[in-house]
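Next come the chains, spelled out residue by residue.
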Amino acid sequence: MPAFDFTLLSQDGAARRGRVMTAHGSFETPGFMATATAGTIKGMHPDAVRATGAELAICNTYHMMLRPTPERVAALGGLHKFMNWPGPILTDSGGFQVMSLAKLRQITEQGVTFRSHLDGSAHELTPERSMEIQHLLDSNITMCLDECTPHPATHEVAAASMRMSMRWAERCRQAFVKREGYALFGINQGSTYPNLREESAAALKQIGFDGYAVGGLAVGEGQEMMFRMLDATVPFLPEDKPRYLMGVGKPDDIVGGVLRGIDMFDCVMPTRSGRTGQAFTARGTVNIRNARHIEDKRPLDASCGCPACANYSRAYLHHLFRAEEMLGPMLLTWHNLTYYQTLMRDLRQATEQRNLQNFAAIFYEQQSRGDIEALA
Ligand SMILES: [Zn+2]
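Here the structure is a predicted model, which means the values were calculated and not measured. (Residues numbered from 1 in each chain as written. Predicted model: local features only at pLDDT ≥ 70, side-chain atom pairs only at ≥ 80, totals over all residues. Heavy atoms only, no water.)

### Overview of the overall build of the protein chain
The helix and strand inventory of the protein chain stands at 15 helices and 17 strands. Over its C-alpha trace the protein chain gives a radius of gyration of 21 Å, about what one expects of a compact globule, namely 21 Å for 376 residues. With the C-alpha coordinates of the protein chain rotated into their principal frame, the extents come out at 65 × 45 × 45 Å. Considering only residue pairs separated by 6 or more positions, the protein chain has 66% of its internal contacts joining residues 24 or more positions apart. Of the roughly 15,800 Å² of accessible surface on the protein chain, 51% is carried by carbon and sulfur atoms. Put simply, the protein chain has 38 plus and 40 minus side-chain charges, and the middle of one group is 3 Å from the middle of the other. (Helix = DSSP H or I, 4+ residues; strand = E, 2+ residues; numbered from the N terminus. Rg over C-alpha atoms; globule rule 2.2 N^0.38 Å. Contact = heavy atoms within 4.5 Å. Areas by Shrake-Rupley, 256 points an atom, 1.4 Å probe, with all protein chains shown as cover. Lys, Arg positive; Asp, Glu negative; His and termini not counted. Charge placed at Lys NZ, Arg CZ, Asp CG, Glu CD.)

Laid out in structure tokens, this is it:
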């Protein structure tokens, strides 16, 4: 069984090109995870997801703990087998979605009690239980349970929240079952306060983790503030461990994150947007539901090799969404996942070639041009 390991292959400024090894294979960094919230990438067959270039899947502890339950997943052979994803899997701690989805939440030093958004049943999530659930799921990368500090927060509130998360991180480290090829990541918090971010990074480093995530961002603070917080945090994280920016983001957020030394990203945006008719392209976002596409024979993105672009016109994709056909969301999801994975591949290549600044300048210029001209 290979040990969990991060190899730094090359650097370009703060940006890093690396590789992470797990018990279920490796993934290249900077990398973007495939979002498999409830044990499935919505509307996509796993083989198709892998064909886009995705190597790491992220599943949500909150969803899996309520249904089908981690004990059941373990009895069925673990998440890799259950969802037919033999590659590496990362699970979140469940904390973020307890905060956003569950009812009657109550947070104490011990943990969080809440009622399921599905059937109202009562549950408790503690650092120890979160570690147990992620172990039962057989997740390769387990995330610490933390409190995602609400935004905005006063310095006092943010400090208290972050310090409790650091105490929980210590409990997670204690409860985590060490296995070869499996990792535990700590999560940096501290809201929009650089001194709290630095204090949190030091506390996590003191405990010692296999990787370090930056949490509590992309919660409404805006891109400029998010980048400022990365600048205030990343320099205090260990260089020899992978860094993960949680829940981010739009393509330009990812380029900015890579430039600042982030290795791993996840976001529902490519899959969720794909289901609502929004496509990401080299020339910015395209809403395929827009009437301008109704007779447009051209592909969604001529530079893209995905099945949606290779085999179908904008007019057909538009029709599928207007007719509410299932294939529409499937094809746009396929395209968006391909767009994100192609962007990551290009970012890795530009980092290897020490050409990232130039690549980023061209990327931002292309994005600002907007979609191709409508047909007359
Ligand atoms: Zn495409």
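### Some points on the coordination of the zinc ion
Coordination of the zinc ion by the protein involves C304 (SG), C306 (SG), C309 (SG) and H335 (ND1), with metal-donor separations of 2.1 to 2.3 Å. Around the zinc ion sit four donor atoms; with metal-centred angles ranging over 98 to 116°, the donor geometry is tetrahedral. Spacing between the donor residues of the zinc ion along their common chain follows C-x1-C-x2-C-x25-H. Of this pair, C309 sits in helix α12 (residues 307-311) while H335 sits in helix α14 (residues 327-352), and the two are 26 residues apart along the sequence. In this structure C309 comes out as buried when scored by relative accessible area, which is 7%. (Donors = N, O, S within 2.8 Å, 3.2 Å for Na, K, Ca; no water. Tetrahedral: all angles 85-135°; square planar, octahedral: opposite > 155°, others 65-115°. Buried < 20%, exposed > 50% of the residue type's maximum accessible area, 1.4 Å probe, protein only.)

### A look at the sheet that holds strand β1 (residues 5-12)
Spatially, β1-β2-β3 is the arrangement adopted by the three strands of the open sheet, whose pairing is antiparallel. Of all the strands in the sheet, the pair left with one neighbour each is β1 and β3 (25-29). Between one strand and the next, the sheet's axes are offset by a mean angle of 15°, whatever the strand orientation. As judged from the seven bridges shared by β1 and strand β2 (residues 15-22), these two strands associate in the antiparallel manner. Counted as the bridge partner of T7 is R19 from β2. (Pairing = 2+ DSSP bridges. Axes fitted to C-alpha atoms, helices over the stretch in contact; angles between N-to-C directions.)

### So, the sheet that holds strand β5 (residues 34-35)
One open sheet holds the nine strands; their spatial order is β4-β15-β14-β13-β12-β11-β7-β6-β5, and the pairing between them is parallel. In this open sheet, the two edge strands, each paired with only one partner strand, are β4 (31-32) and β5. The pairing of strand β12 (residues 183-188) with strand β13 (residues 211-214) spans four bridges and is parallel. Bridging across to β13, G186 finds its partner in Y212. Together, β7 (89-91), β11 (141-143) and β12 form the strand contacts of helix α6 (residues 127-137), whose direction differs from that of β11 by roughly 160°.

### Side note on empty space enclosed by the protein
Within the structure shown, the criterion is met by three cavities of 30 Å³ or more. By volume, the largest cavity amounts to about 80 Å³. E28, G31, F32, E55 and L56 are the residues nearest the centre of the largest cavity, which is lined by 13 residues in total. Of all the secondary structure elements, the ones that give two or more residues to the lining of the largest cavity are β3, β4 and α14. Here the element with the most residues in the lining of the largest cavity is α14; it accounts for three residues. Of the residues belonging to the lining of the largest cavity, the class tally is seven nonpolar, three polar and three charged. As a volume, the second largest cavity reaches approximately 40 Å³. Forming the walls of the second largest cavity are T149, P150, H151, Q189, S191, T192, R197, G216 and V219. (1 Å grid on protein atoms, 1.4 Å probe; cavity = no way out; pocket = protein on both sides within 12 Å on 5 of 7 lines; lining within 4 Å. Points joined across faces, edges and corners; volume = space filled by probe spheres on them. Nonpolar A, V, L, I, M, F, W, Y, C, P; charged D, E, K, R; others polar.)

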